[in-house]
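# Observations on the three-dimensional arrangement
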Amino acid sequence: VPELEKATVRIRQPERVRGIIESLREQGVAKLQVISDFDMTLSRFGCNGRRCPTSHNILDTSRVISEDGKKKLKDLLHYYYPIEIDPNRTLEEKRPLMVEWWTKAHELLVQQKIHKGDIAQIVRESEAMLRDGFKEFFDQLHQNNVPLFIFSAGIGDILEEIIRQANVFYSNVNVVSNYMDFSDDGVLTHFRGPLIHTYNKNNTVLQGTGYFQQLSTRTNIILLGDSMGDLTMADGVPSVENILKIGFLNDKVEERRGKYLDSYDIVLESDETLDVVNGILRYILTE
C-alpha cells in the first residue's frame, strides 16, 4: 500500500498493521465492514487555513438561527469544547458534561422553530466539505457491497443531506446519529433519543438497532475516527476477528500525538484526504 509512505502517516507498530491488512485481504470482501465517524473524519477539518463546519456548526451558524441563538450556541462551544478535548480529564468526568452540552444545544435549536424544508438549502449554503477522495471511498464500498456504518454525534438530518448532495448516499450506507423530529407542518419539535455524544458511541446506544445482529458475519472491521470517543464504535459488534483503527489527528497534533498513537493503529496527521483509507481499501478489495 504505497499510500502508507505518505508524510502524514504515523504508525507505532508497522508489522502488526501490515499483518491486519493482510488478514483483511485474505479473508475477503464478504467479511468486511467499515464503521466511521462523520464530522472531521469523513468531512474535512479545514480548508485553506479555515475550519470547516461540523453538522452541528452548519445549523448553528445558518440563517435560520437568530443572532441571540447563535451567541448562546457559541458560548456553549467555548465552554464545553475545551473540556471535550482536554487530555487530562477522564471519560467519567467528561461524559455527564457532554450530555449537558448536547442537551442544551438541542434545546436551543428547538426554540428556533427550524423548518424541515430549509435543511437542503442550509447545507447547500454551508462550507461543509467531504474529504478529498470521498467519491472513490463511497464508490469502492458500494461496488463491493461492503456496509458503511456511519456513527455520529452530529445531526443526522444534516449529515445525510451532505452525503446526498455529494451523490454518494448509496444503499450500503447506514447512519446512526441525533435525528430531529418535526411536527405535521414541518417545524422542529425535539430530537429523537437516544442522545449520542462524543463519548457514548458504543453498543449502549445501539441496542435495539438490529444493525449489528444483521452484520454478524462481517467480523473484519476498518474503523475511522478522529477522537478518543470514536475508538468504542465497534463495541457492539458480536465477534470481531480483525479490526484496523485509523485515526485522523486534526488539531493540537504535537500535544495529542502520543495518545493517538497509543490508541489507533494508523494515525493521519493534518491530512485532509482519504488517500490512505482508499489505498488500503484498494489493496483489500482487489482480486
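Worth saying up front: this structure is predicted, and the values here are computed from it rather than measured. (Residues numbered from 1 in each chain as written. Predicted model: local features only at pLDDT ≥ 70, side-chain atom pairs only at ≥ 80, totals over all residues. Heavy atoms only, no water.)

### Details of the overall build of the chain
Within the chain one finds 10 helices and 11 strands. Its C-alpha atoms give the chain a radius of gyration of 19 Å, within 12% of the compact-globule value 19 Å for 287 residues. The C-alpha extent of the chain, read off along each of the three principal axes, is 55 × 40 × 35 Å. Going through the 287 residues of the chain one by one, you find that 55% of them count as buried. For the chain, restricting intrachain contacts to residue pairs at least 6 apart in sequence, the fraction spanning at least 24 positions comes to 72%. Summing over all exposed atoms, the chain offers an accessible surface of approximately 13,000 Å²; the carbon and sulfur share of this is 49%. In the chain, which carries 34 positive and 43 negative side-chain charges, the distance between the mean positions of the two groups comes to 1 Å. (Helix = DSSP H or I, 4+ residues; strand = E, 2+ residues; numbered from the N terminus. Rg over C-alpha atoms; globule rule 2.2 N^0.38 Å. Buried < 20%, exposed > 50% of the residue type's maximum accessible area, 1.4 Å probe, protein only. Contact = heavy atoms within 4.5 Å. Areas by Shrake-Rupley, 256 points an atom, 1.4 Å probe, with all protein chains shown as cover. Lys, Arg positive; Asp, Glu negative; His and termini not counted. Charge placed at Lys NZ, Arg CZ, Asp CG, Glu CD.)

### A look at helix H10 (residues 275–285)
Within H10, eight of the 11 residues are buried, leaving the element largely enclosed by the surrounding structure. Buried within H10 we find Val276, Val277, Asn278, Gly279, Ile280, Leu281, Ile284 and Leu285.

### Some points on the nonpolar core
In a soluble, globular protein the nonpolar side chains are often hidden away together inside. Residues Phe137, Ile222 and Ile280 are the most contacted members of the largest nonpolar core, which totals 88 residues. Ranked by the residues each element gives to this core, the list is headed by helix H4 (residues 91–111), at seven residues. Both of domain 1 (2–45 + 129–285) and domain 2 (50–125) provide at least three residues apiece to this core. Aside from chain neighbours lying at most four places away, what touches Ile222 is Leu24, Leu32, Gln33, Val34, Ile35, Leu244, Ile246, Ile280, Leu281 and Ile284. (Core = buried A, V, L, I, M, F, W, Y, C linked by side-chain atoms within 4.5 Å. Domains from an automatic or database assignment.)

### Re the domain arrangement of the chain
Looking at the chain, the domain boundaries give domain 1 (2–45 + 129–285) and domain 2 (50–125). Here domain 1 and domain 2 have C-alpha centroids that lie 21 Å from each other. Contacts between the two partners involve 34 residues from domain 1, matched on the other side by 31 residues from domain 2. Interface area, domain 1 with domain 2, both sides summed: about 2,900 Å², of which 69% is carbon and sulfur. The interface formed by domain 1 and domain 2 holds zero salt bridges in total. Counting every contact that joins domain 1 to domain 2 gives 14 residue pairs in polar contact (both at pLDDT 80 or more). Elements represented by at least two residues in the side of domain 1 that touches domain 2 include exactly strand E5 (148–155), helix H7 (156–165), strand E7 (180–182), strand E8 (188–191) and helix H9 (253–263). Partitioned by chemical class, the residues of the side of domain 1 that touches domain 2 number 16 nonpolar, eight polar and 10 charged. (Buried area = accessible area lost by both parts, 1.4 Å probe. Salt bridge = Lys/Arg side-chain N within 4 Å of Asp/Glu carboxyl O. Polar contact = N/O pair within 3.5 Å; in protein donor to acceptor, adjacent residues only side chain to side chain. Nonpolar A, V, L, I, M, F, W, Y, C, P; charged D, E, K, R; others polar.)

### Observations regarding the sheet that holds strand E2 (residues 32–36)
Strand order in this open sheet of seven strands is E1-E11-E10-E9-E2-E5-E6, and the pairing throughout is mixed. Strand pairing shows two members of the sheet lacking a second neighbour, strand E1 (9–10) and strand E6 (173–178), which therefore form its edges. In this structure, E1 lies alongside strand E11 (residues 266–269), joined through two bridges in antiparallel fashion. Pairing of Val9 across the sheet is with Leu268, part of E11. Most of the contacts of H9 go to strand E10 (residues 242–249), to which it runs at about 175°, and overall it touches E1, E10 and E11. (Pairing = 2+ DSSP bridges. Axes fitted to C-alpha atoms, helices over the stretch in contact; angles between N-to-C directions.)

### Considerations on the packing of aromatic side chains
In this description, a pair of aromatic rings is defined by centroid distance and the angle of the planes. All told, the structure shown has six aromatic pairs when counted by the stated rule. Measuring from ring centre to ring centre gives 4.7 Å for Tyr79 and Tyr80, while their planes differ by 90°; the resulting arrangement is edge-to-face. Its relative accessible area of 1% is what places Tyr80 among the buried residues. Arranged with centres 5.1 Å apart and planes meeting at 70°, the rings of Trp101 and Trp102 form a pair that is edge-to-face. The pair formed by Trp101 and Trp102 is uniform in burial state, with each residue classed as buried. (Phe/Tyr/Trp six-rings, centres within 6.5 Å; stacked < 30°, edge-to-face > 60°.)

### Here's the deal with unusual backbone geometry
Note that the residue after Gly193, namely Pro194, is joined by a cis bond; omega there is -10°. The topology assignment puts Pro194 in the loop between E8 and helix H8 (211–214). Backbone geometry at Asn48 places phi at a positive 50°, although glycine is not the residue there. Its place among the elements puts Asn48 in the loop between strand E3 (46–47) and strand E4 (50–51). We classify Asn48 as exposed; its relative accessible area is 76%. Of note, the phi angle at Asn145 is positive, near 55°, even though the residue is not glycine. Along the polypeptide, Asn145 turns up in the loop between helix H6 (134–143) and E5.

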